[in-house]
Amino acid sequence: MPDGAGFFVRIRGVPRQMCCVGCQAVAQAIVENGLEDYYTSRDAMPESPREAMPAILDQLLMFDHAEFQKSFVRELGEHEREASLILEGITCSACVWLNERHIGQLPGVTGVDVNYATRRARVRWDSRRIKLSDILSAISAIGYRAYPYDAAKHEELARKERREALWRLWVAGFGMMQVMMYAIPVYLAGEGDMSMDIETLIRWASLALTLPVMLYSAAPFFKGAWRDLKLRRVGMDVPVALGIAAAFVASVWATLTRTGEVYFDSVVMFVFFLLGGRYLEMTARQKAVSVSEALARLQPAFCQRVQGFPANREPEQVVVSDLRPGDVALVRPGDTIPADGRVLEGHGNVNEALLTGESRPVAKQAGDSVTGGSINMESPLFILVEQVGESTRLSAIIRLMERAAAEKPRIVELADRIAHWFVACLLLFAALVALGWYLVDPSRALWITVSVLVVTCPCALALATPIALTVAAGALARDGLLVTRGHAVETLARATHFVFDKTGTLTKGEMCLQDVAVCRGERAEALGLAAALECASEHPLALAIRRGVEAGGRLPMAEAVRTEAGQGLEGVVSGRRLRIGRPDYVAALAAAGAVPWPEGWQAAGDTIVALGDEEGILAFFRIGDELRQEARELVADLQAAGCQVILMSGDADAVVQRLGLSLGIADVRAAMSPQAKRDAVLALQQAGAVVAMVGDGVNDAPVLAQAQVSVAMGAGSQLARTQADLLLLSENLECLRRGVRRSRFALRVIRQNLLWAFAYNFLALPLAAMGHVTPWAAGIGMSASSLLVVMNALRIQRKEV
């Protein structure tokens, strides 16, 4: 370096000299990124200038690269971004609250939602005002780690969490057994049976065995409490850590001074029971979110791509992300279909259970559409890829589930606020109890205060609702009803009025042959002649007549077929000139006058098609929208539960009235525009009704948005754009019937959990304050309280509905 060269960087307000321009640039980057703590925390000088860059800065800056963000960041607008992250270090709902508050206060962050059950966070920010690395750095600053969401990474973190929890539990259990071995002789010895020297030796041995429990097993409680106190907030770890620390410090003091009582046995038992409860709660929580995690793992990493199909049939293995629309993929039996597409060649059954809730395999053949994530069960299939990546149906389902998991219903927010204030009030109450017992009986003041701090369980109160909603959402998804909004389960359970659209909802939206009235000849002959004429047409009415012919029947050949626009078809079948179409058009072939329709058909409102020859009408065919088989059972079940069912449709009055009559729906409203439906739902809401609207998700968008909870038929291509609160993935109304029942059961479970949480705390607190609960018993009570609400919530997914 030349003489007189000086390279300075101001660190914490003090000018510091650097050895070269390279180190000056690195140091300046550290300061500008708010990472000056590196200089106070390092305990040795780096071996080379390259190592002067702290590892965390190097890692976090990588998150700002556009290429790196592709797998977990979505663009919501020109400058707004949304990232899906996993948070490591979440131990209770207070951690969720802390992260949401801390991140939400950063300038440029427009929204943050953290799901306690899945440990997943959804963060939205303005890329002009803040970088993703700054957000991750802020998360690290309060003691947590954030990673891009990846199913494999999530499973790895879950295994790590379980392994660490088991080790801490094992150390606490081993220490508890050994300390109890020393405590029992002291409890059993009568006055004068044990010398002071032996008792002192036992106390020192108990202290030595309790230290590993305090330093290792109980470390998460102290870390959580310290993190909360540094941020001037009161979390749920604070009273627990305070209780453990007070009992331990008092016991150490008693051991050193050889006076008073020791509570080493209570400390280690308390830590063991708390960790045991948390471990069981963690495994139950991970089991509860198994459905959403299973969906995330459906996408395979590799697939077999065939280039030059059909001339070339030799596949090459590629990563799924390399697939593009128009590619051909070979899916062997047992393999997962890598993307949405259409079968080019092959036939067999496909398992779509996790995607649609349909447990039976679905038959596929050439021309049929297939969904990425479903599993080929039988013979090989050649698939033409149509949608890849974020455009696939599986990706849309996962995004909608993430949205639902991240949103907090009002009932959850209320419980979180109550739990937060509960902890603050608990600390104040414990201080008053300590003062009172110190004045009444100082020898009992410590362990009674510890019991008060420990026995109350705001965790149960905070867990009561979110864990039940998470389990319910997973169970509904398994049933084929996808929850896309956080409030959907609770609101569906409270719905008093169910409003149904007709076409595509209660009916399949497809024309089918409803009835045949034969004027001359046999029914089978009339159907055969009609189907033979309609073979030349792809009109929906023609398809309905052809589907009405018994499978396997051979059709006669139609010749000289010609189409009369808006009227029908004319042709020659087996030497007979025939017409099919509008009744007056068909009657004109025989120069007949007005033809009377079958009784009641004209009033039904369906489409009437006639078949005739030169002698007159042969038969009439009534064609209408096909009713879903499950519709009657669904309507009957809702009415039996006391709900009012309303049918609103834009179709003609006669058609809608007939459908309402067949389903037993009294309130039927026809010829309604989307705006009229919305106004009708608004009127119901103003009268105090909680309205659930069931529609096709596209044409009914205004009324779906107006209803308190909306259900859309989700098998169509509009899945990714729907704004409905729930999606019926398989379009099977039986899934909706089960979903309504399960949501009501979930609401009962939530009420049970909240009742238990309040009742337990209000009963346990006075008992502990009066000295009737020992510290170890308080630990059992607190752990059991949290575990009970989790186990009760798991009943939702086991419930048969």
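The paragraphs below set out a description of the structure included in this document. (Residues numbered from 1 in each chain as written. Predicted model: local features only at pLDDT ≥ 70, side-chain atom pairs only at ≥ 80, totals over all residues. Heavy atoms only, no water.)

**Side note on the overall build of the chain**
Using the following cut-off: Secondary structure elements follow DSSP: runs of H or I no shorter than four residues count as helices, runs of E no shorter than two count as strands, and numbering proceeds from the N terminus. Throughout this description, buried means an accessible area under 20% of the type-specific maximum (1.4 Å probe, protein chains only), exposed means over 50%, and partly exposed covers the range between. Residue contacts are defined here by distance: any two heavy atoms, one from each residue, within 4.5 Å place the two residues in contact. Surface exposure here means Shrake-Rupley accessible area, sampled with a 1.4 Å probe, where a residue is shielded only by the protein chains that are shown.
What the chain contains, in helices and strands, is 29 helices and 29 strands. When each of the 801 residues of the chain is scored for burial, the buried share is 52%. Within the chain, counting contacts between residues at least 6 apart in sequence, those at least 24 apart form 68% of the total. Carbon and sulfur atoms form 56% of the exposed surface of the chain, whose accessible area is close to 37100 Å².

**Comments concerning the nonpolar core**
Side chains that are nonpolar tend, in soluble globular proteins, to be buried together. Stated formally: We call a set of buried residues a nonpolar core when its members are Ala, Val, Leu, Ile, Met, Phe, Trp, Tyr or Cys and they connect through side-chain atoms within 4.5 Å of each other.
With 55 residues, the main nonpolar core has Phe498, Phe500, Leu506 and Leu736 as its most contacted residues. Other than its neighbours up to four places away in sequence, phenylalanine 500 contacts Thr505, Leu506, Leu634, Leu638, Val645, Ile646, Leu647, Met648, Met693, Val694 and Leu736.

**A look at the packing of aromatic side chains**
The condition is simple: Ring pairs shown here join Phe, Tyr and Trp side chains whose ring centres sit within 6.5 Å, with only the six-membered ring taken for Trp; geometry is labelled stacked below 30 degrees between planes, edge-to-face above 60, and tilted in between.
Summed over all chains, the structure comprises 6 aromatic pairs. Their ring planes at 35 degrees and their centres at 5.6 Å tell us that tryptophan 756 and tyrosine 760 sit as a pair that is tilted. In this pair, tryptophan 756 and tyrosine 760 are both assigned in helix H28 (residues 733-769), 4 residues apart and thus about one turn of the helix distant. The class of tyrosine 760 is buried, set by a relative accessible area of 10%. With a centroid separation of 6.4 Å and an interplanar angle of 15 degrees, the aromatic rings of phenylalanine 758 and phenylalanine 762 are classed as stacked. Residue phenylalanine 758 and its partner phenylalanine 762 are both found in helix H28; the two are separated by 4 residues, about one turn of the helix. A relative accessible area of 32% places phenylalanine 758 in the partly exposed class.

**Considerations on the packing of helix H8 (residues 196-217) against helix H9 (residues 219-230)**
The test is simple: Axes here mean lines fitted to C-alpha atoms, for a helix over just the part in contact, with angles spanning 0 to 180 degrees between N-to-C directions. Note that the term roughly parallel is reserved for angles under 35 degrees, roughly antiparallel for angles over 145, roughly perpendicular for angles of 65 to 115, and oblique for everything else. All residues other than Ala, Val, Leu, Ile, Met, Phe, Trp, Tyr, Cys, Pro, Asp, Glu, Lys and Arg, Gly among them, are scored as polar; the first ten of these are nonpolar and the last four charged.
Between H8 and H9, the shortest axis-to-axis distance is 5 Å and the interhelical angle comes to 45 degrees. With respect to each other, H8 and H9 are oriented oblique. The segment H8 lies against H9, with Met214, Leu215, Tyr216 and Ser217 engaging Ala219, Pro220 and Phe222. In terms of residue class, the contact of H8 with H9 is built from 6 nonpolar, 1 polar and no charged.

**Observations regarding the environment of methionine 511**
Its place among the elements puts methionine 511 in strand S19 (residues 507-518). The spacing of methionine 511 and leucine 627 is 116 residues in sequence and 9.9 Å in space, taken between C-alpha atoms. Dropping the residues within four chain positions of it, methionine 511 is found in contact with Pro540, Leu541, Ala544, Arg547, Ile623, Gly624 and Asp625.

**Examining helix H21 (residues 540-548)**
Going by this rule: Here the arc refers to the directions that run from the helix axis out to each C-beta atom.
Within H21, burial applies to Leu541, Ala542, Ala544 and Ile545. Around the axis of H21, the buried residues are gathered within 160 degrees of arc, so they sit on the same side. For H21, the elements touching its buried residues are S19, helix H20 (523-534), strand S22 (576-581), strand S23 (607-613) and strand S24 (616-627).

**Quick notes on a positive patch on the surface**
Heads up, the condition is: Two distance rules govern patches: like charges are joined within 9 Å, and nonpolar side chains (Val, Leu, Ile, Met, Phe, Trp, Tyr) within 5 Å, applied only to residues with over 30% relative accessible area and no salt bridge. Any carboxyl oxygen of Asp or Glu that lies within 4 Å of a side-chain nitrogen of Lys or Arg is treated as forming a salt bridge with it. The charge count treats Lys and Arg as positive and Asp and Glu as negative. His and the chain ends do not count. A single reference atom marks each charge: NZ on Lys, CZ on Arg, CG on Asp, CD on Glu.
Taken together, the side chains of Arg748, Arg795, Arg798 and Lys799 present a region of like positive charge at the surface. Relative to the assigned elements, arginine 748 resides in helix H28.

**So, the environment of valine 489**
As for its placement among the helices and strands, valine 489 is situated in helix H18 (residues 488-494). The sequence separation of valine 489 and valine 709 amounts to 220 residues, and the corresponding C-alpha distance is 8.9 Å. Every residue in contact with valine 489, bar those within four places of it in the chain, is listed here: Leu469, Ala472, Leu476, Val483, Ser743 and Ala746.

**Concerning the sheet that holds strand S21 (residues 568-573)**
To summarise the sheet geometry, strands pair through backbone hydrogen bonds and adopt either a parallel or an antiparallel arrangement. Cut-off, in case you're wondering: A pair of strands counts as paired when DSSP detects no fewer than two bridges linking them.
The strand order across the open sheet built from 6 strands is S19-S24-S23-S22-S21-S20, with neighbouring strands paired in antiparallel fashion. Every interior strand has two partners, whereas the edge strands, S19 and strand S20 (558-564), have only one. Across the sheet, the mean angle separating the axes of adjacent strands is 20 degrees when strand polarity is ignored. Summarising the sheet, S23 and S24 pair through 7 bridges and their orientation is antiparallel. Across the sheet, residue aspartate 613 finds its bridge partner in S24, namely glycine 616. Of the strands in this sheet, S19, S22, S23 and S24 touch H21, which is tilted by about 65 degrees from S19.

**Observations regarding the sheet that holds strand S11 (residues 340-345)**
Strand order in the open sheet made by the 6 strands is S9-S8-S10-S16-S11-S14, with antiparallel pairing throughout. Across the chains shown, the open sheet's two edge strands, defined by having one partner strand only, are strand S9 (316-319) and strand S14 (369-370). The pairing of strand S10 (residues 328-331) with strand S16 (residues 381-387) spans 4 bridges and is antiparallel. Among the inter-strand pairings, leucine 330 is bridged to a residue of S16, identified as phenylalanine 382.

**Some words on the pairing of strand S18 (residues 497-500)**
Every second residue of S18 is oriented toward a common face, with His497 and Val499 on one face and Phe498 and Phe500 on the other, all of them buried. The pairing of S18 with strand S25 (residues 644-648) spans 4 bridges and is classified as parallel. Pairing of histidine 497 across the sheet is with glutamine 644, part of S25. Pairing of S18 with strand S27 (residues 691-695) involves 4 bridges; the strand directions are parallel.

**Here's the deal with the pattern of salt bridges**
Applying the stated criterion to the full structure yields 33 salt bridges. Residue arginine 128 pairs with aspartate 126 through a salt bridge whose shortest N-O separation is 3.0 Å. Connected through salt bridges with shared partners, the residues Asp479, Glu633, Glu734, Arg737, Arg738 and Arg742 form a single ionic network.

**Describing a nonpolar patch on the surface**
Together, Trp167, Trp170, Phe174, Met177 and Tyr216 line one region of the surface with nonpolar side chains, adding up to about 580 Å² of accessible area. In terms of residue count, the dominant contributor to the nonpolar patch is helix H7 (residues 151-188) (4 residues). Within the fold, phenylalanine 174 resides in helix H7. Accessibility expressed as a relative area gives 39% for phenylalanine 174, which makes it partly exposed.

**A word on unusual backbone geometry**
In most cases, non-glycine residues show a negative phi, while peptide bonds are predominantly trans. Of the consecutive residues phenylalanine 309 and proline 310, the connecting peptide bond is found in the cis state with omega at 10 degrees. Tracing the sequence through the fold places proline 310 in the loop between strand S8 (302-306) and S9. The backbone phi angle of alanine 560 is positive, close to 50 degrees, even though this residue is not glycine. Judged by its relative accessible area of 57%, alanine 560 is exposed.

**Some thoughts on the packing of H8 against helix H10 (residues 237-257)**
Selection criterion: Left-handed describes a crossing whose near helix is turned anticlockwise from the far helix through less than a right angle; right-handed describes the clockwise counterpart.
The N-to-C vectors of H8 and H10 enclose an angle of 150 degrees; their axes lie 10 Å apart at closest approach. If you check the angle between H8 and H10, you find them roughly antiparallel. Viewed along their axes, H8 and H10 form a crossing whose handedness is left-handed. Along the contact surface, H8 presents Arg203, Trp204, Leu207, Thr210, Leu211 and Met214, while H10 presents Ile244, Phe248, Val252, Ala254, Thr255 and Leu256. Looking at the contact of H8 with H10 residue by residue, the class counts come to 9 nonpolar, 2 polar and 1 charged.

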